[in-house]
Amino acid sequence: MREEYEIIEHSQVEDLKIFLVDMTYRRPHMHREFEICMVLSGVITIYTNKKNRTFRKGDLILFNPRQTHEIHALTENCILLSVQVTSGFYKRIYPEITSLEFDDIAVSSQKEEELLRLRGLFLRLAKTYFQKETGYEFFCMGYLSEAFGILLGSQSWHLISERERTERYTKGKRMSRILDYVENHFTEKVLLTDIARQESLSVYYLSHFFKELLGLSFQQYVALRRLERARKMVEHTNRSIGEICMECGFSDSRYLNKIYKEQLGYTPGEYRSSHEIYPEKKEAQDLDNTQMFYSVQDSLELLEIAENTRPFF
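This write-up is about the structure you can find in this document. Quick caveat: nothing in here was measured; it's all calculated off a predicted structure.

1. Considerations on the nonpolar core
Phase 1 of the analysis: Core analysis: the largest hydrophobic core is formed by 40 residues, its most contacted members being Leu16, Ile18, Leu81, Phe122 and Leu144.
Phase 2 of the analysis: If one sorts the elements of this core by residue count, helix H1 (residues 112–131) sits on top with nine residues.
Phase 3 of the analysis: Not counting residues up to four positions away in its chain, the partners in contact with Ile18 are Leu81, Ser82, Val83, Leu125, Ala126, Tyr129 and Phe130.

2. A word on the state of the cysteines
Phase 1 of the analysis: Scanning the entire structure with this criterion turns up zero disulfides.
Phase 2 of the analysis: Its sulfur unpaired, Cys78 is 10 Å from the next cysteine sulfur, which belongs to Cys37.
Phase 3 of the analysis: There is no disulfide at Cys245, and the cysteine sulfur nearest it, in Cys248, is 7.7 Å away.
Phase 4 of the analysis: With a relative accessible area of 3%, Cys245 lands in the buried category.

3. Topic: the pairing of strand E2 (residues 34–41)
Phase 1 of the analysis: With eight of its eight residues buried, E2 lies for the most part within the structure.
Phase 2 of the analysis: Relative to strand E7 (residues 79–85), E2 runs antiparallel, the two sharing seven bridges. Within the sheet, the bridge partner assigned to Glu35 lies in E7 and is Gln84.
Phase 3 of the analysis: Bridge analysis of E2 against strand E5 (residues 60–63) gives four bridges, and the strand direction is antiparallel. What sits directly across from Ile36, in E5, is Leu62.

Reading the values: rules and limits
Residues numbered from 1 in each chain as written. Predicted model: local features only at pLDDT ≥ 70, side-chain atom pairs only at ≥ 80, totals over all residues. Heavy atoms only, no water. Core = buried A, V, L, I, M, F, W, Y, C linked by side-chain atoms within 4.5 Å. Buried < 20%, exposed > 50% of the residue type's maximum accessible area, 1.4 Å probe, protein only. Helix = DSSP H or I, 4+ residues; strand = E, 2+ residues; numbered from the N terminus. Contact = heavy atoms within 4.5 Å. Disulfide = S-S within 2.5 Å. Pairing = 2+ DSSP bridges.

Right under this line is the structure:
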């Protein structure tokens, strides 16, 4: 029997995506991949699964596939390293991976050397991915395989059924519809009753559903969504605080000052008195997410700095 071979060229490692991003805000979202994030600088809060968690430089964060999460930066210059990998990457050698869910987004260990090892593996994985030297695909697979081996041995996890996977997918689609509605109406008077009517659900069920997936109430989410829009306008436009309140859905500047102070530790006026405001014409078009992705060269420079900075090693 004659065997035929073909040469296939890959522009990148299949099922793997890595990037560095300067993050201020990322609206609730989900994806089909596992995502491991490392905080390279700054402080962020993640809202997901009935709770919120705060992470600082050196911390590792682990999201399951189709896990809704929202990201708020609490400081300036918050940089994240993100590694996204589909479960299909390991399906052949570890079939259970498609049903595996980690129990907590915070990666922790009683052995400090395990955390140091994981940080080192993800930094080297990212550098190898960006450098793309000959044979880099094999090194990427090696670093990632070792990292997942450590995660499986050190983190709490469980297997879900096909029914549970289907239910999570259905809930995710519903949450996407709800969030799209909020995006179109959060600068107005937006009510949970309107969404409940649209989804043919009770207000009681929808309220608990929202809390279950995002870790905060519907009204808390709307307030934070308005805050992030106002924050971007405060930092990148010359509009008055009164104009910003009206455009973002706040009843008055006192409430904006209150939530600003609670979340960020300072008021809009205090920020403007200590920062240069960019001209309005330079305001980014995307008011839903405030993030900047780094180029390959800049990413490599940041990774080099991280490798030589505590608490990474």
